[in-house]
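The lines below spell out each chain.
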Amino acid sequence: MLEPSGDVVTFETIAAVTVPVVLGAMVPDIDTAFGRHRKTLHNLLVLGVVAAYPVYFGNLQYVWIGVLSHFVLDILGSRRGLALLYPLSDNEFNLPVGVPVDSKYADAVMAAVTAVELATAAVIVYRVPQSALQAGLQAAGLA
Ligand SMILES: [Zn+2]
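This one's a predicted model, so the numbers in the text were calculated from it and none came from an experiment.

**Topic: the packing of helix α1 (residues 8–26) against helix α3 (residues 63–76)**
Relative orientation of the contacting elements α1 and α3 amounts to 40°, with a least axis distance of 6 Å. When the interaxial angle is binned, α1 and α3 end up oblique. The hand of the α1/α3 crossing is right-handed. Here α1 contributes Pro-20, Val-21, Val-22, Leu-23, Gly-24 and Ala-25 to the contact with α3, which in turn contributes Val-63, Trp-64, Ile-65, Gly-66, Val-67, Ser-69 and His-70. Looking at side-chain class alone, the contact of α1 with α3 contains nine nonpolar, four polar and no charged residues.

**Description of the confidence of the model for the chain**
Residues of the chain with pLDDT of at least 70 account for 95%, and the chain-wide mean is 86. Put simply, helix α5 (residues 130–139) is where the chain has its lowest mean pLDDT, 76, and helix α2 (residues 44–57) is where it has its highest, 94.

**A few points about the packing of α2 against α3**
Running from amino to carboxyl end, α2 crosses α3 at an angle of 160°, the nearest separation of the two axes being 8 Å. Between α2 and α3, the interaxial angle falls into the category roughly antiparallel. Crossing geometry of α2 relative to α3 is assigned as left-handed. Touching Val-46, Leu-47, Val-50 and Ala-51 of α2 are Val-63, Trp-64, Val-67, Leu-68 and Phe-71, all from α3. Looking at the contact of α2 with α3 residue by residue, the class counts come to nine nonpolar, no polar and no charged.

**Brief notes about α2**
Given a rise of 1.5 Å per residue, 14 residues ought to cover 20 Å, and the 20 Å separating the end C-alpha atoms of α2 matches this to within 8%. Phi turns positive one or two residues past the end of α2, at Gly-58, with a value near 80°.

**With respect to the UniProt feature "transmembrane region" (unreviewed entry) in the chain**
The UniProt record annotates "transmembrane region" (unreviewed entry) at residues 44–64. A helix fraction of 76% and a strand fraction of 0% characterise residues 44–64, whose end C-alpha atoms lie 11 Å from each other.

**What to know about the nonpolar core**
Grouped together as the largest cluster of nonpolar side chains are ten residues: Val-50, Val-63, Trp-64, Val-67, Phe-71, Ile-75, Leu-82, Ala-83, Leu-84 and Tyr-86. Per element, the largest residue contribution to this core is five residues, and it comes from α3. Excluding residues within four positions of it along the chain, Tyr-86 makes contact with Lys-39, Thr-40 and Asn-43.

**Brief notes about unusual backbone geometry**
With an omega of 10°, the peptide bond running from Tyr-86 to Pro-87 counts as cis. Here Pro-87 is to be found in the loop between α3 and α4 (106–127). Of note in this structure, Leu-60 is not a glycine but carries a positive phi near 65°. By secondary structure assignment, the location of Leu-60 is in the loop between α2 and α3. Given 14 C-beta atoms within a 10 Å radius, Leu-60 is considered partly exposed. Positioned with a positive phi, Tyr-62 is a non-glycine residue whose angle comes to about 75°. Along the chain, the position of Tyr-62 falls in the loop between α2 and α3.

The rules behind these values
Residues numbered from 1 in each chain as written. Predicted model: local features only at pLDDT ≥ 70, side-chain atom pairs only at ≥ 80, totals over all residues. Axes fitted to C-alpha atoms, helices over the stretch in contact; angles between N-to-C directions. Helix = DSSP H or I, 4+ residues; strand = E, 2+ residues; numbered from the N terminus. Parallel < 35°, antiparallel > 145°, perpendicular 65-115°, else oblique. Left-handed = near helix turned anticlockwise from the far one by under 90°. Contact = placed C-beta atoms within 7 Å. Nonpolar A, V, L, I, M, F, W, Y, C, P; charged D, E, K, R; others polar. pLDDT = per-residue confidence, 0-100. Expected span 1.5 Å × (residues − 1). UniProt positions renumbered as here; feature names shortened; annotations may be inferred. Core = buried A, V, L, I, M, F, W, Y, C linked by C-beta atoms within 7 Å. Buried ≥ 20, exposed ≤ 12 C-beta atoms within 10 Å, placed from the backbone.

As structure tokens, then:
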């Protein structure tokens, strides 16, 4: 378990997690260049594939966190939803609290969502016993 201390291990861990998360956060909008934006790469199938990939292949860990973060910010940061069940359905899911990117509240919403995501990550890292996570993975047949 990472205990931030400012040593080399801490910075190596930050780099090991940050790079794949940032890359994962950029992946969904590739569908602006091909396919259908907010459908082709903005759905639960894509999230499931990137979440399962490291379990099976042993690499690309943490990419799913970036993809999930992108989905959350897209849902909360616009009035348009995401086709989470695409390709089964074109219906776009959204929350009524979303604000458009040109809203004066857009930066505040992004900062609030990021704070909640970081708090969630901290709870997972510091409060959820690793044995419980391991038991959950084993119960799901993933470890
Ligand atoms: Zn997007």
